[in-house]
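Report on the structure
One-letter residues, chain by chain:
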Amino acid sequence: MNVTLVPPAPTLDSLAEHAAHEERLGRWDSAAQAFSRLFRAALGPGEMVRALNALRGQARVRREQGRFEEAGELAELSRVIAELHGLTLESARALNVLGIIRFAQG
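Let's talk about the packing of helix H1 (residues 12–24) against helix H3 (residues 48–64)
- In the contact formed by H1 and H3, the axes pass within 11 Å of each other and the chain directions differ by 15 degrees. Between H1 and H3, the interaxial angle falls into the category roughly parallel. Relative to H3, the crossing made by H1 is left-handed. For the pair H1 and H3, the contacting residues are Leu12, Asp13, Ala16 and Glu23 in the first and Arg50, Arg60 and Val61 in the second.

This is the structure:
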C-alpha cells in the first residue's frame, strides 16, 4: 500500500510571516503574491483584521514598485472594508498608507 503524505496547509501566521519576510527583503513580486494569498486565506475564516493587513501589505509593495494607482486602490479597498466592518483602527491605518502613497507620488 502506498501512502502519500500531504503537507499541512500553511497557517495564517506562517503566511503572514512569509509575506513580511519577502517585503523586508525587497522581493516585491514574491511579497505581493504572498500578501494576496494571505488575503484570500484570511477571508475564509473571517479574519478581517488579518485580511486588511494583507491588503495594506499589497499596497505597500505596489508603492515600492512605483505602481501608485494600484497601491492607492488596494489601500482604499482596505479602508472601505474596515469601515463596513466597524474596524476604526484598521480604517485609520489604511488612511495612513494612502497618505504615504500620495507623498511618494510627489
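Some details on the environment of Ala71
- Along the chain, the position of Ala71 falls in helix H4 (residues 68–84).
- Overall, the relative accessible area of 0% leaves Ala71 in the buried class.
- For Ala71 and Leu55, which are 16 residues apart along the polypeptide, the C-alpha to C-alpha distance reads 9.3 Å.

Concerning the nonpolar core
- Grouped together as the largest cluster of nonpolar side chains are 25 residues, with contacts concentrated most on Phe35, Leu55, Ala59, Ala75 and Ile101.
- Those elements that provide at least two residues to this core are H1, helix H2 (28–43), H3, H4 and helix H5 (88–105).
- With near-sequence residues (within four places) excluded, Phe35 lies in contact with Ala19, Ala20, Glu23, Ala54, Gly57, Gln58, Arg60 and Val61.

Thoughts on the pattern of salt bridges
- With the rule as written, the count across this model stands at 10 salt bridges.
- Between Arg63 and Glu64 there is a salt bridge whose closest N-O contact spans 2.8 Å.
- Residue classification places Arg63 among the buried residues on the basis of a relative accessible area of 17%.
- Taking the relative accessible area as the measure of exposure, Glu64 reaches 40% and is therefore partly exposed.
- In this structure, Arg93 engages Glu90 in a salt bridge whose closest nitrogen and oxygen atoms are separated by 3.0 Å. Taken together, the residues Arg93 and Glu90, both in helix H5 and 3 residues apart, mark about one turn of the helix.
- Classification of Arg93 as partly exposed rests on a relative accessible area of 37%.
- Taken together, the salt bridges that share partners define one network made up of Arg56, Glu90 and Arg93.

Reading the values: the criteria
Residues numbered from 1 in each chain as written. Predicted model: local features only at pLDDT ≥ 70, side-chain atom pairs only at ≥ 80, totals over all residues. Heavy atoms only, no water. Axes fitted to C-alpha atoms, helices over the stretch in contact; angles between N-to-C directions. Helix = DSSP H or I, 4+ residues; strand = E, 2+ residues; numbered from the N terminus. Parallel < 35°, antiparallel > 145°, perpendicular 65-115°, else oblique. Left-handed = near helix turned anticlockwise from the far one by under 90°. Contact = heavy atoms within 4.5 Å. Buried < 20%, exposed > 50% of the residue type's maximum accessible area, 1.4 Å probe, protein only. Core = buried A, V, L, I, M, F, W, Y, C linked by side-chain atoms within 4.5 Å. Salt bridge = Lys/Arg side-chain N within 4 Å of Asp/Glu carboxyl O.

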